[in-house]
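Report on the structure
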Amino acid sequence: MKQLRKMREWSEAGLLDEATVKRIIDYENNRKEKQRLPLLLIVGGTFVVLAVFSFLAANWQVMPIGWKIGLVVALMWSCYVMADLSERRSMLHPIVFRIGGILAFGASILVVVQSFHLPMEGSLLGWCVFVAALAHYVLWRHEAYGVVAFLSGWTIFTSLGGFGQEQASYLDWTSFDLMVVLSFSWFYFSQRLPSLLFSWLFLFFSGLSLFLLVSYDGF
């Protein structure tokens, strides 16, 4: 280990005493043992999850609406519970579970819309996931949430959200004001790359959306 060689070097130089080096090594060894999961447990858990998802996929069409919504919401909360346990015990990566929670949140909206045959404009899901990802970025300040926010927000400007169409039914002055407010807020909270770059691009494309709201003669 590079850290171990450095500590030995510092100990020989008189910067660290032997007792301190021993306590550091013991602490690192104990911490790694706590983080380690049995390989069989990981493999077995993976197969169990795949079996459950295969069963749900095979019976999804015949399941009651309440079960569908409940399962997706339970999956979302399970992701956040696992993220909290992962963060408390310094095991695995809590960010992976939180991103899974964002995706499950989007899936829950999609299931509700499809189950009750509600009208869904192309930008609705993008708006919901975009706001959820921004909330995650404000709370935990990790660059991955900025990436998720940009990808979900980008669907508002692309063909999935109707951007570029002459008459985009989802875009009005209220949605434009909300878009500008969220863009400025994201730009304010972004303190480093890549979130700072993404927030600036989103602010720029928010200005371009004026072409869908204002019509005038000239170039």
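Keep in mind that this is a model prediction, so the values were computed, not measured.

1. Section: the overall build of the protein
Scanning the protein from N- to C-terminus turns up 9 helices and 0 strands. Starting at the N terminus and walking to the C terminus, you meet the elements of the protein as α-α-α-α-α-α-α-α-α. Buried positions account for 30% of the 219 residues belonging to the protein. Relative to all contacts within the protein whose residues are 6 or more apart in sequence, the contacts with residues 24 or more apart total 58%. Carbon and sulfur atoms make up 68% of the accessible area of the protein, which totals about 14,700 Å².

2. What to know about helix α9 (residues 195–208)
In this model, α9 (14 residues) spans 20 Å end to end at C-alpha, consistent with the 20 Å of a helix rising 1.5 Å per residue. Buried within α9 are the following residues: Ser195, Phe198, Ser199, Phe202 and Ser206. Down the axis of α9, the buried set is contained in an arc of 95 degrees. They therefore lie on one face. The elements touched by buried residues of α9 are α6 (124–140), α7 (143–157) and α8 (173–189).

3. Observations regarding the packing of aromatic side chains
Inspection of the entire model under this criterion finds 11 aromatic pairs. On the basis of an interplanar angle of 85 degrees and a centroid distance of 4.9 Å, the ring pair of Trp154 and Phe205 is categorised as edge-to-face. Taken together, the residues span a long stretch of sequence, with Trp154 in helix α7 and Phe205 in helix α9 at a distance of 51 residues. Pairwise contacts between aromatic rings join Phe150, Trp154, Phe198, Trp200, Phe204 and Phe205 into one cluster.

How each quantity is defined
- Residues numbered from 1 in each chain as written.
- Predicted model: local features only at pLDDT ≥ 70, side-chain atom pairs only at ≥ 80, totals over all residues.
- Heavy atoms only, no water.
- Helix = DSSP H or I, 4+ residues; strand = E, 2+ residues; numbered from the N terminus.
- Buried < 20%, exposed > 50% of the residue type's maximum accessible area, 1.4 Å probe, protein only.
- Contact = heavy atoms within 4.5 Å.
- Areas by Shrake-Rupley, 256 points an atom, 1.4 Å probe, with all protein chains shown as cover.
- Expected span 1.5 Å × (residues − 1).
- Arc of directions from axis to C-beta.
- Phe/Tyr/Trp six-rings, centres within 6.5 Å; stacked < 30°, edge-to-face > 60°.

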